[in-house]
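Notes for the structure review
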Amino acid sequence: MRDPLLVIGGVTDQMAQKLEQSFALHHREEIADINAWMRDFGPGVRQILTNGHYGVPADLMNALPNLAMVSCYGVGYDNIDTDACIAKGIVATHTPDVLNAEVATTAIMLLMATYRELLRDEAWARSGRWKTQGNAPLTRSLDNQTIGILGMGRIGQEIARKLAPWSPTILYHTRTQKDVPYEYVADLTDMARRSDALVVITPGGPATHHLVDALVLDALGPDGTLVNVARGSVVDEEALVAALRAGSLGWAGLDVFEQEPAIPDALCAMSNVVLLPHVGSATNETRAAMGDLAVENLVQFQKAGTVLTAVPECK
């Protein structure tokens, strides 16, 4: 018999086909009576497949006595309690590296869309205003800007690399200085004050909750741009709305939000904000690579008790 695998959140058809060769899939959203399911299958569940949005609820983790491994389909895993995993001897994995380039491209896209007023000018052309009102107002150049990057891990470094054709000055802020050819700024508010744009790509979780607060946004200033491709929780969304309304922050390009999939109506109504529905890695190629790695971690653990890409806390 195939081992039971509890699946939280969706999987692609490609992932399901590969998983079904080794596991009997039990989709959490299809389980009507979780208590009955726990009696019948809970003791046999050693592995869970989830994603960074849903994670593993604490009551579910506690109710599975033989849970030994959690595979996260995504690089972010802040909704998986790694402290609890370590205490229970559960190894957690994620899918780093395979999405670095795509998320970096999304960050660049948001920068370009805000700097060159893509949404405004597309509407100007589509509506006929070009014919009736003449040329659209001028925009800003992305060339020779000072870009502050909050987080200089794999994706942060890829963002910096992809920005090179625009000849930027790159500053960065992290908890510890990195061996990279960019200027480290120990104080985030100071970096924001020196930056034309601030790109957020630091992990989520309690340690970074509302790290970008009203003080940081005020330091970025009325000519500044905020781009967030990390986690919505890193930015104080209420302070962000207030800053954009007051004009103390100029523009924002956002792929993530505090209460996804809900986006504040105030942000939706603003013409100086570009909004995406958390699609930083959402290409066929990248999601296929992420799915393959999430599956490979599950299969390798089932066969050998080892994994390919444990989260740092579980290495």
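Whatever comes next refers back to the structure up there.
Since this is a predicted model, take the numbers as computed values, not measurements.

**Quick look at the overall build of the chain**
Looking only at helices and strands, one finds 13 helices and 12 strands in the chain. Against the 2.2 N^0.38 benchmark of 20 Å for 315 residues, the chain shows a C-alpha radius of gyration of 22 Å, consistent with a compact globule. In the chain, which comprises 315 residues, the proportion classed as buried is 50%. Looking at the chain alone, contacts between residues at least 24 apart form 59% of all its contacts between residues at least 6 apart. Element-wise, carbon and sulfur atoms account for 51% of the exposed surface of the chain, whose accessible area totals about 15400 Å².

**Focus on helix 13 (residues 284-304)**
End to end, helix 13 covers 30 Å across 21 residues, agreeing with the expected 30 Å (1.5 Å per residue, within 8%). Restricting attention to buried positions, one finds in helix 13 the residues T286, M290, G291, L293, A294, V295, N297, L298, V299 and F301. Taken from the residues just after helix 13, G305 is the one with a positive phi, measuring 75°.

**Looking at the nonpolar core**
Among soluble globular proteins, nonpolar side chains are generally buried collectively. In terms of nonpolar packing, the biggest core is built from 68 residues, with L6, L49, L64 and I159 touching the most fellow members. Considering each element in turn, this core owes the most residues, 8 residues, to helix 5 (residues 100-115). Residue contacts for L49: discarding those within four places in its chain leaves L5, L6, V7, I8, V11, M15, L19, S71, Y73, A294 and L298. Within the second largest apolar cluster, 30 residues are counted, among which are L188, A219, A230 and A239.

**Topic: the packing of aromatic side chains**
Enumeration according to the criterion identifies 2 aromatic pairs in this entry. Ring plane angle 55° and centroid distance 5.4 Å describe the contact between Y172 and Y184, whose orientation is recorded as tilted. Of the two residues, Y172 is situated in strand 7 (residues 169-173) and Y184 in strand 8 (residues 183-184); the sequence distance between them amounts to 12 residues. With relative accessibility at 0%, the residue Y172 sits in the buried group. Here the guanidinium or amino end of R140 rests over the ring plane of Y115, the centre of that ring lying 3.8 Å away. The positively charged end of R140 is found above the aromatic ring belonging to W251, 3.5 Å away from the centroid.

**Here's the deal with helix 8 (residues 154-163)**
By the burial criterion, the buried members of helix 8 are I155, G156, E158, I159, A160 and L163. Considering only its buried residues, helix 8 is in contact with helix 5, strand 6 (146-150), strand 7 and strand 9 (197-200).

**Regarding the sheet that holds strand 4 (residues 69-73)**
On the basis of which strands lie adjacent, the open sheet formed by 5 strands has the order 2-1-3-4-5 and parallel pairing. Strand pairing shows two members of the sheet lacking a second neighbour, strand 2 (23-27) and strand 5 (91-93), which therefore form its edges. Taking the axes of each pair of neighbouring strands and ignoring which way they run, one obtains an average angle of 20° across the sheet. Relative to strand 5, strand 4 runs parallel, the two being bridged by 3 bridges. Residue pairing across strands places S71 opposite T93, the latter belonging to strand 5. Sheet strands touched by helix 13: strand 1 (3-7), strand 2, strand 3 (47-51), strand 4 and strand 5. Its angle to strand 4, the strand with the most contacts, is close to 170°.

Scoring rules and cut-offs
- Residues numbered from 1 in each chain as written.
- Predicted model: local features only at pLDDT ≥ 70, side-chain atom pairs only at ≥ 80, totals over all residues.
- Heavy atoms only, no water.
- Helix = DSSP H or I, 4+ residues; strand = E, 2+ residues; numbered from the N terminus.
- Rg over C-alpha atoms; globule rule 2.2 N^0.38 Å.
- Buried < 20%, exposed > 50% of the residue type's maximum accessible area, 1.4 Å probe, protein only.
- Contact = heavy atoms within 4.5 Å.
- Areas by Shrake-Rupley, 256 points an atom, 1.4 Å probe, with all protein chains shown as cover.
- Expected span 1.5 Å × (residues − 1).
- Core = buried A, V, L, I, M, F, W, Y, C linked by side-chain atoms within 4.5 Å.
- Phe/Tyr/Trp six-rings, centres within 6.5 Å; stacked < 30°, edge-to-face > 60°.
- Lys NZ or Arg CZ within 6 Å of the ring centre and 35° of its normal.
- Pairing = 2+ DSSP bridges.
- Axes fitted to C-alpha atoms, helices over the stretch in contact; angles between N-to-C directions.

Treat this as a map of the structure, not an account of what it does.
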